[in-house]
Amino acid sequence: MTLLLEVEHLSQAYTLPRESLRRPAPVVQALDDISFTMQSGRSLGIVGESGSGKSTLARLVMALERPSRGTVRLLGQDLHTLSPKALRAARAQFQMVFQDPYGSLDPRQTVQRIVAEPLATAGTAERSMQRRRVAESLEAVGLRAADAARYPHQFSGGQRQRIAIARALITRPALIVADEPVSALDVSVQAQVLNLLADLQRDFGVTYLFISHDLAVVEHVCEELLVMQRGRIVERGAAQQILRQAEHPYTRALLAAVPEPPQSSVVQ
Amino acid sequence: MLLAVDDLHVSLPAAYGPVQALRGVSFTIERGETLGLIGESGCGKSMTALALMGLLPEGAQAGGSVRLEGRELVGLDDAAFSALRGNRIAMIFQEPMTALNPLHRVGRQIAEPLRLHRGLDAQAARAEALRLLERVQLPEAARRLDAYPHQLSGGQRQRVMIAIALACRPGLLIADEPTTALDVTVQRQILALIAELVAQDGMGLLLISHDLGVMAQTVQRMLVMYGGSVIERGPTAEVFRHLAHPYTRGLFAARPRLGAGRGGRLQTIPGRVPELADLPPGCAFAERCGWVVGACREAMPPALEIGAGHAVRCIRPQAIAANSVVPADGAEA
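Residues numbered from 1 in each chain as written. Chains lettered and ligands numbered in written order. Predicted model: local features only at pLDDT ≥ 70, side-chain atom pairs only at ≥ 80, totals over all residues. Heavy atoms only, no water.

Even after reading the chapter, I still don't get the overall build of chain B, so can you show me in this structure?
The helix and strand inventory of chain B stands at twelve helices and twelve strands. Computed over the C-alpha atoms, the radius of gyration of chain B is 21 Å, within 12% of the 20 Å expected from 2.2 N^0.38 for a compact globule of 333 residues. Its C-alpha atoms put chain B at 65 × 50 × 40 Å along the principal axes. Here chain B holds 333 residues, and the buried ones make up 51% of them. Of the contacts formed within chain B by residues at least 6 apart in sequence, a portion of 66% connects residues at least 24 apart. Counting only carbon and sulfur atoms, one obtains 52% of the accessible surface of chain B, whose full area is about 13,900 Å². (Helix = DSSP H or I, 4+ residues; strand = E, 2+ residues; numbered from the N terminus. Rg over C-alpha atoms; globule rule 2.2 N^0.38 Å. Buried < 20%, exposed > 50% of the residue type's maximum accessible area, 1.4 Å probe, protein only. Contact = heavy atoms within 4.5 Å. Areas by Shrake-Rupley, 256 points an atom, 1.4 Å probe, with all protein chains shown as cover.)

Rendered as structure tokens:
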């Protein structure tokens, strides 16, 4: 097992619009001194409510913005000190899947171009090579190689999320950051995508940083769990352990609020 | 009887002729009763709500009958529907940020139906708006009357939406995924609030949701929709006990459950939801069903009564009841 990700003393503050000329602009502390590590092969779930800092954390780990303080190290490399060129090359190691499969795919590009984009960014420009890799990636997520010639609007929501996953997978990254990847999907489609994520972890050795508001979904995908509230970590540890015996009152409140249908004797 | 929907059909114009969005939906709601409508995208849940509200898309044709407090709504003109909407029948939408007007203070938005339908003057409407905000338990209600929607949190905005819906004491409240955009702890508060208000005012509630857990906790009876028709109906506890229709069973099994552990495979429903334009003549679920036989594809299955108030549109309920598992997965979509 290797050390995949080290996040140390990570903080992020955003300045809000000024409300008065006489007072300084208010500042919101979106992340407040977060530290954790991830080992390869052990996916980490991050849960918390809106405003807890989950998505800010995802953007910082993806090096989409610079933190106010702290470091993010992926496979030993400090992402926020890399030059733009070195960062582009390093992106082959970490990719992202977004929540909204309608907003995250460019409607005017073919699936071929969408899925090949991370390869092109990483410098693999040769066309025939790109075509072959796109075909492999599409087949790995249960689509057909011929789908590369089509456009996003020709696919259902679940299929679009598969395209987004194929795009993330194409550089064979060590880490995939998935921000609410199934919450826009119907229940039956969500189950298919969650099974796919599990297969890819097994077959390609990817590890997920999996952000979700749904504790049952996180439990299904992740070994480790981190609970956030107002920019801080309130509880962390093995997912099973926390979900069975939560220590922090906030985690307990989250667990208690999940509406569960009654157990049924006719299924399982 | 508060609401009686009988054999409701809706057809929508499409490039290759009309498509049937609703194919004979029937149900009733009594005063004080809570009814849930569950199903996945494209099954007809929201179309049913829009038909009740008189908000069907341009060119849609409605047939059958919808009687609210004894009055027929199908075929009503726009002016007559406008007099009913927000007055006798009110709706809470999924996304309170887009349902509220961002340019108006919330007090004014709550006052609007009061002035329009009940003819209150500005001062009386404002006083009533304050009382409503207090009723939906919005903290610091008096100060919030002058707030804009963006100054409120998601849960607070949904409370404002509920206040607007309740303003004219409607007979029927329709809530379309009212908590889907909210955090779980806020969801719980909002559902409790809706249930409490419905009980106090003796309203009928039609709750639309894709979440089985929300249904189980909130409604007395539920309808499961698929392909534009109701494929299972019954008291909530009975529906969960029997999961009589293969689709209901598939939905239940596909849901990851808390405490189930990691790594197991989720049951999936093979294939995907059919397009409304090419629904098969028989059971709409036949292509995805593990129990399918030839007769399923011949005609739409009739609703079979399998318990008190519990009915299922399936011709093989005994075969399904005898099986404790969902048949193995086919190809995934």
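How should I be thinking about the packing of aromatic side chains in this particular structure?
Each aromatic ring pair is summarised here by two numbers: the centre-to-centre distance and the angle between the ring planes. Applying the stated criterion across every chain yields a total of four aromatic pairs over all chains. A ring pair is formed by Tyr226 of chain B and Tyr247 of chain B, whose centres lie 4.5 Å apart and whose planes are at 55°; its orientation type is tilted. Here the residue Tyr226 of chain B occupies a position in strand β9 (residues 221-226), and Tyr247 of chain B occupies one in helix α11 (residues 246-254), the gap between them amounting to 21 residues. In this pair, the class of Tyr226 of chain B matches that of Tyr247 of chain B, namely buried. Both rings, one in Tyr226 of chain B and one in Phe285 of chain B, keep their centres 5.2 Å apart while their planes meet at 90°; by these two values the pair is edge-to-face. Taken as a pair, Tyr226 of chain B in strand β9 and Phe285 of chain B in the loop between α11 and β11 (303-307) lie far apart in primary sequence, 59 residues in all. Through a chain of ring-to-ring contacts, the aromatic side chains of Tyr226, Tyr247 and Phe285 of chain B assemble into a single cluster. Positioned over the ring face of Phe155 of chain A is Arg150 of chain A, at 4.5 Å from the centre of the ring. (Phe/Tyr/Trp six-rings, centres within 6.5 Å; stacked < 30°, edge-to-face > 60°. Lys NZ or Arg CZ within 6 Å of the ring centre and 35° of its normal.)

Please explain the interface of chain B and chain A as it appears in this structure.
Often, the extent of an interface is quoted as the loss of accessible area upon association of its parts. Taken together, the contact between chain B and chain A spans 47 residues of the former and 42 residues of the latter. A combined buried area of about 3,900 Å² lies between chain B and chain A, and 52% of that area is made up of carbon and sulfur atoms. Run the count over chain B and chain A and you get two salt bridges. Glu260 of chain A is paired through a salt bridge with Arg255 of chain B; the nearest N and O atoms lie 3.6 Å apart. Secondary structure elements with two or more residues in the side of chain B that touches chain A: α8 (184-201), α9 (212-218), α10 (236-242) and α11 of chain B. Grouping the constituent residues of the side of chain B that touches chain A by class yields 18 nonpolar, 16 polar and 13 charged. (Buried area = accessible area lost by both parts, 1.4 Å probe. Salt bridge = Lys/Arg side-chain N within 4 Å of Asp/Glu carboxyl O. Nonpolar A, V, L, I, M, F, W, Y, C, P; charged D, E, K, R; others polar.)

What am I meant to see in the sheet that holds strand β5 (residues 77-78) of chain A here?
Remark on secondary structure: sheet strands pair via backbone hydrogen bonds, oriented parallel or antiparallel. Residue and element names in this part refer to chain A. Overall, antiparallel pairing links the four strands, which are arranged β2-β1-β4-β5 in an open sheet. The open sheet terminates on both sides in strands that have one partner only, identified here as β2 (27-39) and β5. Pairing of strand β1 (residues 3-15) with strand β4 (residues 69-74) involves five bridges; the strand directions are antiparallel. For Glu8, the partnering residue across the bridge sits in β4 and is Thr71. Along the sheet, helix α1 (residues 54-61) contacts β1, β2 and β4; its crossing angle with β1, the most-contacted strand, is approximately 120°. (Pairing = 2+ DSSP bridges. Axes fitted to C-alpha atoms, helices over the stretch in contact; angles between N-to-C directions.)

What should I look at first to understand the packing of helix α5 (residues 157-169) of chain A against helix α6 (residues 187-204) of chain A in this one?
Each pair of packed helices can be described by the angle between their axes along with the distance between the axes. All names here are of chain A. Axis separation between α5 and α6 bottoms out at 10 Å; the angle between their running directions is 20°. As far as their axial angle goes, α6 and α5 are roughly parallel. For α5 against α6, the interelement crossing comes out right-handed. Contact residues: Gly158, Arg162, Ile165 and Leu169 in α5; Val189, Gln192, Val193, Leu196, Leu197, Leu200 and Phe204 in α6. A breakdown of the residues in the contact of α5 with α6 according to their chemical character gives eight nonpolar, two polar and one charged. (Parallel < 35°, antiparallel > 145°, perpendicular 65-115°, else oblique. Left-handed = near helix turned anticlockwise from the far one by under 90°.)

I'm lost on the pairing of strand β4 (residues 61-68) of chain B in this one. Help?
When a strand is regular, its side chains alternate between the sheet's two faces. Residues and elements named next belong to chain B. As paired strands, strand β1 (residues 3-12) and β4 are joined by seven bridges and run antiparallel to one another. From the neighbouring strand, Val10 faces β4, where its bridge partner is Ala62. A loop of two residues connects β4 with strand β5 (residues 71-72), the two strands running antiparallel in sequence, and Glu69 in this loop sits at a positive phi of about 50°.

I keep staring at the sheet that holds β11 of chain B and nothing clicks. Help me out?
Residue and element names in this part refer to chain B. Pairing within the open sheet is mixed, and its eight strands lie in the order β6-β7-β8-β3-β9-β10-β12-β11. Because the sheet does not close on itself, it has two edges, and the strands there are β6 (89-92) and β11. With direction set aside, neighbouring strand axes in the sheet form an average angle of 20°. Helix-sheet contacts for α11 involve β9 and β10 (229-235), and the interaxial angle to β9 is about 100°.

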